[in-house]
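Architecture at a glance
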Amino acid sequence: TAERALPKRHHHLPNSHPTYFTNPIAMVRARDCRFYDEHGRSYLDALNNVTLVGHGHPRLVDVAARQLGRLNTNTRFVYDVLSEYAERLTATLPDGLDVVYFVNSGSEANDLALRMSRYLTKRDDVVIIDDAYHGYTTTVADVSPSRYKHYGKPDTTHPTPVPDRYRGRYGYDDPEAGAHYARHVIETFDRLAAEGRPPAAYLFEALLAGGGQVVLPPGYLAPIFAAASRAGAMTIADEVQVGFGRLGEAFWGFQTQGPDVVPDFVTMGKAMGNGFPVAAMVTTREISQAFDATGRFFSTYGGNPVACAVGLELLKVVEEEGLQQNALETGQYLRDVLAALAPKHELIGDVRGQGFYSGVEFVLDRETKEPASEETLLICERLKDRGVLVYPTGPAWNILKLKPPLSFTRDHADEFAAALDAVLEEGW
Ligand code: PMP
């Protein structure tokens, strides 16, 4: 129970590892879009960020169990499931992105992409989007925002403004917003070149989670990619949150910015194994070969047969169950029912997102847009009491981050909206 587990947990885990909610829930099982706690109470999962095809998907459970019973080893042996998985995974990516480095977490994938960029360009500096989170290894912590940085050397990290059309200078009604925000990034490349420290890499997410569930404006990445190419900087798409069909319009987040946006490195994790640790960095043969000169790459667990079996089955399930299409359609439906609450509840400042990755931003005043930070946390606590799970994000923690499994239905969306309506109605 929570009473028994919590004191031991507090004793043995670092304080930097907080639980969700002031009265944390002891979860015992989960299926599809619902969790069940120790008292058998169910909770609708809109805060999920890994179980892409739903909790405990029977096909994944089955392949994992069978593979674990048959063979689990490392990639220095040859086994079919690795080759089959690598083939199927890279078939989802633009031509040329063929070489897979299997690792165990999103942080490792980003770490490797950064290491390769720096080695191949013989440069150090990295341009990022402000308030991003890219992981916890020492190198990656350096390119994540200040609140995650403890021992880093941030002097080689160059944040560029979040292209936030709700709060920023260029709004949703400006068709040129993408180009305007891109200019800041291009100017950063130019400034670094002028200072004699041209960037090794440009690292980005296709929908900014840390920045506050910000959808990239159309036409943002293409000019940045053209400028990165001119500057000799490598491009890294962090698809840890946004990949695998979540954004609906495309399988990979970067693809929502058009066909000219083809990264040198694509990093992935989270959804990839539906909660089982599976992660990878994918690049081209040319880049991979150039990096081979530094020696071998080996990860003990990366690409193990169980990880590959689960990852492969997940790709099949996403396709066979039409989950990307559901993300597109039901994701929009969810935003529509939430936006329909805005006329009634002044606190709702903005509803935005792509596919099944949305944000609801709460403000104290629609003119000043002062963040309703405390209220947002309280809303999450009240939603939890009503059996609905979601959590705040963003620099001021005033945005609901909605990331349900891709099997979320219209009924689930209605259930979520009704609970939010009731909580906002209730007041505090
Ligand atoms: N990139 C992004 C965009 C993330 O959100 C995260 C994790 N929240 C990571 C990388 C790091 O992934 P992991 O925790 O699997 O190392």
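Cut-offs and rules
Residues numbered from 1 in each chain as written. Predicted model: local features only at pLDDT ≥ 70, side-chain atom pairs only at ≥ 80, totals over all residues. Near = placed C-beta within 6 Å. Helix = DSSP H or I, 4+ residues; strand = E, 2+ residues; numbered from the N terminus. Nonpolar A, V, L, I, M, F, W, Y, C, P; charged D, E, K, R; others polar. Axes fitted to C-alpha atoms, helices over the stretch in contact; angles between N-to-C directions. Parallel < 35°, antiparallel > 145°, perpendicular 65-115°, else oblique. Left-handed = near helix turned anticlockwise from the far one by under 90°. Contact = placed C-beta atoms within 7 Å. Pairing = 2+ DSSP bridges. Buried ≥ 20, exposed ≤ 12 C-beta atoms within 10 Å, placed from the backbone. Domains from an automatic or database assignment. Expected span 1.5 Å × (residues − 1).

If you look the protein chain up in an unreviewed UniProt entry, it shows as Aminotransferase class III-fold pyridoxal phosphate-dependent enzyme from Actinomadura litoris.

1. Re the site of the ligand
Around the ligand, the surrounding shell holds 14 residues, and the nearest of these are Ser105, Gly106, Ser107, Gly135 and Val240. Ranked by residues supplied to the shell around the ligand, first place goes to helix α4 (residues 106-121) with 3 residues. A class-by-class count of the residues in the shell around the ligand yields 4 nonpolar, 8 polar and 2 charged.

2. A closer look at the packing of helix α11 (residues 373-385) against helix α12 (residues 410-426)
Between α11 and α12, the least distance of the axes is 10 Å, while the angle of their chain directions is 120°. Of the possible angle classes, the one that applies to α11 and α12 is oblique. Two packed elements cross with a definite hand, and for α11 against α12 that hand is right-handed. Contact residues: α11 offers Ile379, Arg382 and Leu383, while α12 offers Ala419, Leu420 and Val423. Considered class by class, the residues forming the contact of α11 with α12 number 5 nonpolar, no polar and 1 charged.

3. Some remarks on the packing of helix α3 (residues 80-91) against helix α9 (residues 305-320)
Direction vectors running N to C along α3 and α9 enclose 40°, while the axes themselves pass 9 Å from each other. Both α3 and α9 take part in a crossing whose hand is left-handed. Contact residues: Val81, Leu82, Glu84, Tyr85, Arg88 and Leu89 in α3; Pro305, Cys308, Ala309, Gly311, Leu312 and Leu315 in α9. Taken together, the residues of the contact of α3 with α9 sort by class into 9 nonpolar, 1 polar and 2 charged.

4. Focus on the sheet that holds strand β15 (residues 388-389)
Spatially, 4 strands are ordered β1-β2-β3-β15 in an open sheet, and the strand pairing comes out mixed. Of all strands in the sheet, those bounded by a partner on one side alone are β1 (27-31) and β15.

5. Notes on the environment of His180
Take His180: it is sitting in helix α6 (residues 177-194). Placed 17 residues apart in sequence, His180 and Pro163 show a C-alpha to C-alpha distance of 8.9 Å.

6. A few points about the pairing of strand β11 (residues 265-268)
Of the two faces of β11, both are covered, the one formed by Phe265 and Thr267 as well as the one formed by Val266 and Met268. The pairing of strand β10 (residues 234-238) with β11 spans 3 bridges and is parallel. In the sheet register, Ile236 faces β11, and the bridge partner there is Phe265. Here β11 pairs with strand β12 (residues 279-284) via 3 bridges, running antiparallel. Looking at β12, one finds that Thr267 is bridged to Met281.

7. Overview of the domain arrangement of the protein chain
Partitioning the protein chain into structural domains gives domain 1 (2-53 + 322-426) and domain 2 (58-320). Just the C-alpha atoms count here: the centres of domain 1 and domain 2 sit 25 Å apart. Across the contact, 27 residues belong to domain 1 and 25 residues belong to domain 2. Elements supplying a minimum of two residues to the side of domain 1 that touches domain 2: α10 (323-339), β13 (348-354), β14 (357-362) and β17 (399-402). Of all the elements, α10 adds the most residues to the side of domain 1 that touches domain 2, at 5 residues. Grouping the amino acids of the side of domain 1 that touches domain 2 by side-chain chemistry returns 11 nonpolar, 11 polar and 5 charged.

8. A look at α6
For α6, built from 18 residues, the straight-helix expectation of 26 Å at 1.5 Å per residue is met to within 8% by its first-to-last C-alpha distance of 26 Å. For α6, every residue scored as buried is listed here: Ala177, Gly178, Tyr181, Ala182, Val185, Thr188, Phe189 and Leu192. Elements in contact with the buried residues of α6: β5 (126-129), β6 (157-160) and α7 (221-231). Residue Gly196 follows α6 closely and has a positive phi angle near 80°.

9. Structural notes on the environment of Ser83
For Ser83, the location among the structural elements is in helix α3. Given 11 C-beta atoms within 10 Å, Ser83 falls into the exposed group.

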